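The chain contents come next:
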Amino acid sequence: MSPTKNTGKNWRGTFTVLVTPFTADGKSVDVPALRRLVDWQIEQGIHGLIPLGSTGEFLSMTMQEQEEVIEVCVRQAAGRVPVLIGTGAEWTDEAVMKARLAESLGADGVMIIPPYYSTPTPDELFAHFRKIGESVSMPIMVYNNPATSNVDLTPDIVARLAQIDNVRYIKESTLEVTRVRDIIELCGDKMTVFAGILGYESFWLGAQGWVAVCSNFLPRDSARLFELVADHKDQPAALALYKRILPLVKMVGGHRYVAASKVALDYMGLPVGTPRPPRLPLPAADTVELKAMLDRLQLKDSIPVH
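Conventions we followed
Residues numbered from 1 in each chain as written. Predicted model: local features only at pLDDT ≥ 70, side-chain atom pairs only at ≥ 80, totals over all residues. Heavy atoms only, no water. Helix = DSSP H or I, 4+ residues; strand = E, 2+ residues; numbered from the N terminus. Rg over C-alpha atoms; globule rule 2.2 N^0.38 Å. Buried < 20%, exposed > 50% of the residue type's maximum accessible area, 1.4 Å probe, protein only. Contact = heavy atoms within 4.5 Å. Areas by Shrake-Rupley, 256 points an atom, 1.4 Å probe, with all protein chains shown as cover. Salt bridge = Lys/Arg side-chain N within 4 Å of Asp/Glu carboxyl O. Pairing = 2+ DSSP bridges. Expected span 1.5 Å × (residues − 1). Polar contact = N/O pair within 3.5 Å; in protein donor to acceptor, adjacent residues only side chain to side chain. Axes fitted to C-alpha atoms, helices over the stretch in contact; angles between N-to-C directions. Parallel < 35°, antiparallel > 145°, perpendicular 65-115°, else oblique. Left-handed = near helix turned anticlockwise from the far one by under 90°. Nonpolar A, V, L, I, M, F, W, Y, C, P; charged D, E, K, R; others polar.

Engineer: An account of the overall build of the chain is needed here, citing residue identities and associated values.
Structural biologist: When you go through the chain residue by residue, the secondary structure sums to twelve helices and eight strands. Its C-alpha radius of gyration of 18 Å places the chain within 12% of the 19 Å reference for a compact globule of 306 residues. Per-residue burial for the chain yields a buried fraction of 58% across its 306 residues. For the chain, long-range pairs separated by at least 24 residues make up 72% of all intrachain contacts whose partners lie at least 6 apart in sequence. Looking at the chain as shown, the accessible area adds up to about 13100 Å², and 53% of this sits on carbon and sulfur atoms.

Written out as structure tokens, the structure reads:
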């Protein structure tokens, strides 16, 4: 068994926060493309999948479409890797409903960003996550991304959330890598840290995973980066791989994360449509730059047609 094999609820490794493929007219989920994407990710060695995160454009989808994505991903993964569903919502009752739906459809867990408009207090955050935790039996990954939620889950707040039985994971998406150290120090084995941005850097401080955007189109390299650090402690090989993919990691950072990931997959042979408004397609200059990066890694048309 691979040392990064996910068994039970002890998740670790690189998990892809999946894009949502849309049809050419943008009006529907492209189900065949989504099935193909899930299979390819798993064949490439990814350790887990997270549909309906920010990269999955969940805020630009109907509830019916979100349910469709959950069903397709869970069924297609067929237990080969964990499937966590992004179920964040501003209203606590809606977040509860979405988490229950994900559990009923066979998801292994949920990833939940804090309410992203009301700027909740620490007490309100605890009440929000406690109510969700009490409504489902599966693990919860809280998602700290102050840039999008307008809420910062500081290590002290995370330690309090760790008191909720099934709040067991955190996706830490600030640029302060010392957060990994501090969360581990405060929470011990009650909270497992996944990096949201600084994957390579966070692994060396004890992060047990990475929720990655770049693994949408670099699943093998993204998974291998974790394995080289966490399983093999091979710093030279890990650093060499990191430097090799870093231009692409940066390209899908910031505001380009959805559009650039979709262009990359299309260029590699798996069309997934364009982002939904208000997002616009990737600008022409960025597209040329991205394709040149993919060419340097010989990735054009590299995804096989089933």
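After that view, the rundown keeps rolling.
Engineer: Describe the pattern of salt bridges, listing the residues and the values that go with them.
Structural biologist: For the structure shown, the criterion picks out 13 salt bridges. Put simply, E65 and R276 hold a salt bridge, and the shortest N to O gap is 2.8 Å. Of the two residues, E65 is situated in helix α2 (residues 63-77) and R276 in the loop between α11 (257-268) and α12 (284-296); the sequence distance between them amounts to 211 residues. A residue is classified by how much of its surface remains accessible, and E65, at 11% relative accessible area, is buried. R224 is the partner of E227 in a salt bridge, and the nearest nitrogen-oxygen pair spans 3.7 Å. Taken as a pair, E227 and R224 lie in helix α9 (residues 219-231) at a separation of three residues, close to a single helical turn. What makes R224 partly exposed here is its relative accessible area of 36%.

Engineer: Could you give an account of the pairing of strand β1 (residues 13-17), with specific residues and numbers?
Structural biologist: Of all five residues in β1, five are buried, a share of seventy percent or more. As defined by bridge partners, β1 adjoins strand β8 (residues 209-212) across four bridges and the pair is classed as parallel. If you follow T16 over to β8, its bridge partner there is A212. Pairing of β1 with strand β2 (residues 48-50), which is carried by three bridges, proceeds in the parallel orientation. Bridging across to β2, T16 finds its partner in L49.

Engineer: Any chance you could break down helix α10 (residues 235-251) for me, citing the residues and the numbers?
Structural biologist: Taking 1.5 Å of rise per residue, 17 residues should cover 24 Å, and α10 covers 24 Å from first to last C-alpha, within 8% of that figure. Turning to α10, its buried residues number three or more, namely A238, L241, Y242, I245, L248, V249 and M251. Lining the buried residues of α10 we find α8 (199-203), α9, α11 and α12. The opening residue of α10, the one whose side-chain oxygen lies 3.2 Å from the backbone nitrogen of A237, is D234.

Engineer: Got a sec to walk through unusual backbone geometry? Specific residues and values, please.
Structural biologist: Generally, phi is negative for residues other than glycine and the peptide bonds are trans, each holding for most cases. The omega angle of the peptide bond from P277 to P278 is 15 degrees, so this bond is cis rather than trans. Tracing the backbone shows P278 in the loop between α11 and α12. The phi dihedral of L52 is positive, around 65 degrees, even though this residue is not glycine. Tracing the sequence through the fold places L52 in the loop between β2 and α2. Of note in the backbone geometry, A78 takes a positive phi value of approximately 50 degrees without being a glycine. In this structure, A78 sits in the loop between α2 and β3 (84-86). Looking at A78, the relative accessible area reads 58%, which means it is exposed.

Engineer: Describe the side chain of E57, with residues and values.
Structural biologist: Relative to the helices and strands, E57 is located in the loop between β2 and α2. Under the relative-accessibility criterion, E57 is labelled buried at 1%. A distance of 2.8 Å separates a polar atom in the side chain of E57 from the backbone nitrogen of R276. Leave out the neighbours within four places in its chain, and E57 touches T20, F22, V258, K262, P275, R276 and R279.

Engineer: So, the packing of α11 against α12: which residues are in play, and what are the values?
Structural biologist: In contact at an axis separation of 10 Å, α11 and α12 are set at 50 degrees when each is read in the N-to-C sense. Relative to α12, α11 is oriented oblique. Helix-helix and strand crossings are classified by hand; for α11 and α12 the assignment is right-handed. Residues A260, V263, A264, Y267 and M268 of α11 form the contact with α12, whose own contacting residues are T287, L290, K291, L294 and D295. Class assignment for the residues of the contact of α11 with α12 results in seven nonpolar, one polar and two charged.

In short, geometric facts, not functional conclusions.
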